[in-house]
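Spelled out from the first residue to the last, the chains are:
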Amino acid sequence: MQQTNTTDIFQNAPVPKAVISNVIPSIISMLMVLAYNLADTFFIGQTKNAYMVAAVSVATPAFLLFMAVGLLFGIGGTSYISRMLGEGNHGKAKQASSFCFYTGLSIGVIATIGIWIFSSPICRAIGASDDTLSYTMQYLNIVAVGIPFLIVGNTFSNIIRAEGNANVAMLGMVIGNLINIVLDPVMILFFHWNVAGAAIATVIGNIFSAVFYIRHMLSKNTMLSIRPSDYHAGGGIARGIFAIGIPASLNSILMSSSNIIINNIMAGYGDMAVAGLGVAMKVNMIVVILLIGLGSGIQPLLGYCFGAGNHKRYMAVLRFSIGLAFCLSAIMTVVCYCGAGPLVSAFLQDKEAFTYGMSFARIYIYSGPVMGILFVFINAIQSTGAALPALILSISRQGLIYLPVLFAFDRIFQSARMLAAAQPMTDYLATLLAIILFLFTYRKYFKVGR
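Predicted, not measured: the structure shown is a model, and the values here were computed from it.

1. Some thoughts on the overall build of the chain
Then step 1. A count of helical and extended segments in the chain gives 16 helices and 0 strands.
Then step 2. Its C-alpha radius of gyration of 21 Å places the chain within 12% of the 22 Å reference for a compact globule of 450 residues.
Then step 3. Across its three principal axes, the chain shows a C-alpha extent of roughly 60 × 40 × 35 Å.
Then step 4. Counting across all 450 residues of the chain, residues that qualify as buried make up 60%.
Then step 5. The contacts in the chain between residues at least 6 apart in sequence include a share of 85% that link residues at least 24 apart.
Then step 6. Roughly 16,700 Å² of accessible area belongs to the chain as shown, and the carbon and sulfur atoms make up 69% of that amount.
Then step 7. In the chain, which carries 24 positive and 13 negative side-chain charges, the distance between the mean positions of the two groups comes to 16 Å.

See the structure below:
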């Protein structure tokens with residue numbers, strides 16, 4: 001039954017139906033992630049303490065570092081498993097999913113212990129000031145409890161889509177994030193636990209999401225496995241997963257690192273500038289999250305077509321996805337630019353912080369028109385298992401391109417606004433690079449008549 005479902009959607013369904021049926025659950029999942037991120041900041045903002053808002057903003061990049069581990073196994077596993085299913089190799093698909101589960105879980109336990117031991121220097125390193133240090137440490141120490149569950153949840157919210165179960169993947173994310181959103185006002189405002197309440201809600205949400213996926217993986221409704229007996233790293237499994245997973249993870253790690261760097265630079269303009277920047281990033285996430293959902297939604301479909309050698313369908317899916325991404329990008333750019341004021345005011349009441357946040361939010365959204373195209377090509381490259389182009393793109397967008405632009409803007413303009421402008425400039429350059437790398441990938445890895 002499960003195999004038939006995969007074949008029907010990935011191989012036989014009309015292209016628009018195949019794309020939409022995979023993209024909508026993925027976008028809904030990402031919207032729940034967005035809602036959870038906005039809820040944390042919104043309810044912390046209701047405390048009227050901008051230092052708490054700044055602390056959560058400072059802690060977010062460290063939290064994203066551990067989400068990157070989930071992406072390593074989630075994106076790498078999805079790419080590998082969807083190609084194996086396209087080739088009809090179900091045995092390796094099972095071994096790969098078990099490998100991702102146990103290896104990711106082990107890394108999560110180690111990370112939790114590491115944060116508890118080194119929480120103070122970690123918080124200092126990511127940009128906490130004397131005024132925000134205690135709040136940042138409190139938030140990070142509690143969130144650390146949920147890191148193993150976070151990794152499992154992020155891993156299988158992606159991998160389950162590789163077998164055609166997009167709705168199950170979506171439901172796990174919805175359950176975890178909805179629980180988080182419901183608990184936020186209770187724990188932050190009703191119990192007055194403030195940043196600790198936000199952290200506890202996050203942990204509980206991660207636990208529920210991970211447990212949901214584990215139950216699915218132990219049921220008869222999947223062709224994949226998390227049984228210890230299926231754990232296998234050899235035969236090209238670990239290499240195939242890491243070849244795409246590491247570049248995808250590096251992109252998230254570099255994004256976190258670049259956020260830490262800009263937070264430290266922005267701190268020179270005061271804690272209110274940091275708070276404004278954190279909120280502006282969350283407003284920009286409304287566009288980014290939707291488009292990441294679109295891109296990640298089509299990756300299993302593209303990977304299956306690649307594994308099956310179906311050149312014509314692969315290109316049809318890609319063309320339809322690019323058109324859909326451009327339309328969605330344009331609409332959301334207008335919505336977020338016009339709605340920047342109300343969105344920022346929902347999180348920040350301090351006048352200075354609001355001014356920064358409003359300005360930064362409108363600057364960040366300048367990259368909206370090309371973001372959809374960027375994420376479609378990123379996932380198209382990952383779907384082929386092309387390790388080198390994926391690696392080049394991952395280290396370029398938030399590293400080799402962004403950091404030089406950021407430092408140059410800081411040195412030349414010495415302006416908080418121009419620091420924020422480094423991101424949209426980078427996104428346009430990264431989109432051009434992604435198109436060039438895809439053309440290289442297509443010609444080398446997916447030749448006609450393959």
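2. Here we look at helix α14 (residues 368-383)
Then step 1. The first and last C-alpha atoms of α14 sit 24 Å apart over 16 residues, in line with the 22 Å expected at 1.5 Å per residue.
Then step 2. Just beyond α14, the residue with positive phi is G385, at close to 75 degrees.

3. Re the packing of aromatic side chains
Then step 1. Enumeration over the complete set of coordinates arrives at 17 aromatic pairs.
Then step 2. Pairing F73 with F99 gives two aromatic rings, centres 6.2 Å apart and planes at 65 degrees, and the pair type is edge-to-face. A residue pair is termed long-range when its members are at least 10 positions apart, and F73 in helix α3 (residues 50-87) and F99 in helix α4 (residues 90-125) qualify at 26 residues. Like F73, the residue F99 is buried in the burial classification.
Then step 3. Note on Y102 and Y231: the rings are 6.3 Å apart at their centroids and 70 degrees apart in plane angle, and the pair reads as edge-to-face. Taken together, the residues Y102 in helix α4 and Y231 in the loop between α8 (194-217) and α9 (237-266) connect sequence positions 129 residues apart.

4. Details of the environment of A210
Then step 1. Structurally, the position occupied by A210 is in helix α8.
Then step 2. Under the relative-accessibility criterion, A210 is labelled buried at 1%.
Then step 3. Spatially, the C-alpha atoms of A210 and N154 are 8.4 Å apart, while their sequence positions differ by 56 residues.
Then step 4. Not counting residues within four places of it along the chain, the set of residues in contact with A210 comprises F149, V152 and G153.

5. So, helix α7 (residues 166-190)
Then step 1. Compared with the 36 Å implied by 1.5 Å per residue over 25 residues, the 36 Å span of α7 between its first and last C-alpha is a close match.
Then step 2. Bending of α7 peaks at approximately 35 degrees at the position of L183, with proline P185 no more than four residues after it.
Then step 3. A positive backbone phi angle near 60 degrees is found at H192, which sits one or two residues after α7.

6. Quick look at a nonpolar patch on the surface
Then step 1. On the surface, V109, I113, W116, I117, F118 and V145 cluster together into a nonpolar patch covering about 580 Å² of accessible area.
Then step 2. Looking at the secondary structure, you find I113 in helix α4.

7. Notes on the state of the cysteines
Formally, a disulfide is one covalent bond, and it connects the sulfur atom of one cysteine to the sulfur atom of another.
Then step 1. Within the structure shown, the criterion is met by 0 disulfides.
Then step 2. Here C336 is not cross-linked by a disulfide; its sulfur's nearest cysteine counterpart is in C338, at 9.6 Å.
Then step 3. Using a relative accessible area of 3% as the deciding quantity, one classes C336 as buried.

8. A few points about the pattern of salt bridges
Then step 1. Summed over the entire model, instances satisfying the criterion amount to 3 salt bridges.
Then step 2. Put simply, R227 and D230 hold a salt bridge, and the shortest N to O gap is 3.1 Å.
Then step 3. The exposure class assigned to R227 is partly exposed, which follows from its relative accessible area of 42%.
Then step 4. We note a salt bridge from R397 to D427, for which the minimum N-O separation is 3.0 Å. Of this pair, R397 sits in helix α15 (residues 387-413) while D427 sits in helix α16 (residues 416-445), and the two are 30 residues apart along the sequence.
Then step 5. Assessed through its relative accessible area of 5%, R397 is described here as buried.
Then step 6. Judged by relative accessible area, D427 falls into the buried class, the value being 1%.

9. A closer look at the environment of Y364
Then step 1. As for its position among the elements, Y364 is in helix α13 (residues 351-364).
Then step 2. Since its relative accessible area comes to 4%, Y364 is described here as buried.
Then step 3. Sequence separation between Y364 and D130 is 234 residues, and the spatial gap between their C-alpha atoms is 28 Å.
Then step 4. Contact partners of Y364, with chain neighbours within four places excluded, come to I262, L277, M281, N284, A420 and Q423.

10. Section: unusual backbone geometry
Then step 1. At N194, a position not held by glycine, the phi torsion is positive, near 50 degrees.
Then step 2. When its relative accessible area of 24% is taken as the criterion, N194 is described as partly exposed.

11. Some remarks on the packing of α3 against helix α5 (residues 133-143)
Then step 1. One way to put it is that α3 packs onto α5 with a least axis distance of 8 Å and a crossing angle of 45 degrees. As judged from the angle between their axes, α3 and α5 are oblique. When the axes of α3 and α5 are compared, the crossing they make is right-handed. Residue-level inspection shows Y51, M52, A55, V56, V58, A59, A62 and F63 of α3 in contact with α5, the latter providing Y135, T136, Y139, L140 and V143.
Then step 2. Of the residues contributing to the contact of α3 with α5, the split by class is 12 nonpolar, 1 polar and no charged.

12. A few points about the side chain of N379
Then step 1. Residue placement: N379 occurs in helix α14.
Then step 2. Residue N379 is classed as buried on the basis of its relative accessible area, which comes to 6%.
Then step 3. A polar contact of 2.8 Å, which involves the side chain of N379, links it to the backbone oxygen of F375.
Then step 4. With residues up to four places along the chain from it excluded, the contact list for N379 reads G295, S296 and Q299.

Reading guide: rules and limits
Residues numbered from 1 in each chain as written. Predicted model: local features only at pLDDT ≥ 70, side-chain atom pairs only at ≥ 80, totals over all residues. Heavy atoms only, no water. Helix = DSSP H or I, 4+ residues; strand = E, 2+ residues; numbered from the N terminus. Rg over C-alpha atoms; globule rule 2.2 N^0.38 Å. Buried < 20%, exposed > 50% of the residue type's maximum accessible area, 1.4 Å probe, protein only. Contact = heavy atoms within 4.5 Å. Areas by Shrake-Rupley, 256 points an atom, 1.4 Å probe, with all protein chains shown as cover. Lys, Arg positive; Asp, Glu negative; His and termini not counted. Charge placed at Lys NZ, Arg CZ, Asp CG, Glu CD. Expected span 1.5 Å × (residues − 1). Phe/Tyr/Trp six-rings, centres within 6.5 Å; stacked < 30°, edge-to-face > 60°. Bend = angle between axes of the 7 residues up to and from the residue. Patch = residues over 30% accessible without salt bridge, like charges linked within 9 Å, V, L, I, M, F, W, Y side chains within 5 Å. Salt bridge = Lys/Arg side-chain N within 4 Å of Asp/Glu carboxyl O. Disulfide = S-S within 2.5 Å. Axes fitted to C-alpha atoms, helices over the stretch in contact; angles between N-to-C directions. Parallel < 35°, antiparallel > 145°, perpendicular 65-115°, else oblique. Left-handed = near helix turned anticlockwise from the far one by under 90°. Nonpolar A, V, L, I, M, F, W, Y, C, P; charged D, E, K, R; others polar. Polar contact = N/O pair within 3.5 Å; in protein donor to acceptor, adjacent residues only side chain to side chain.

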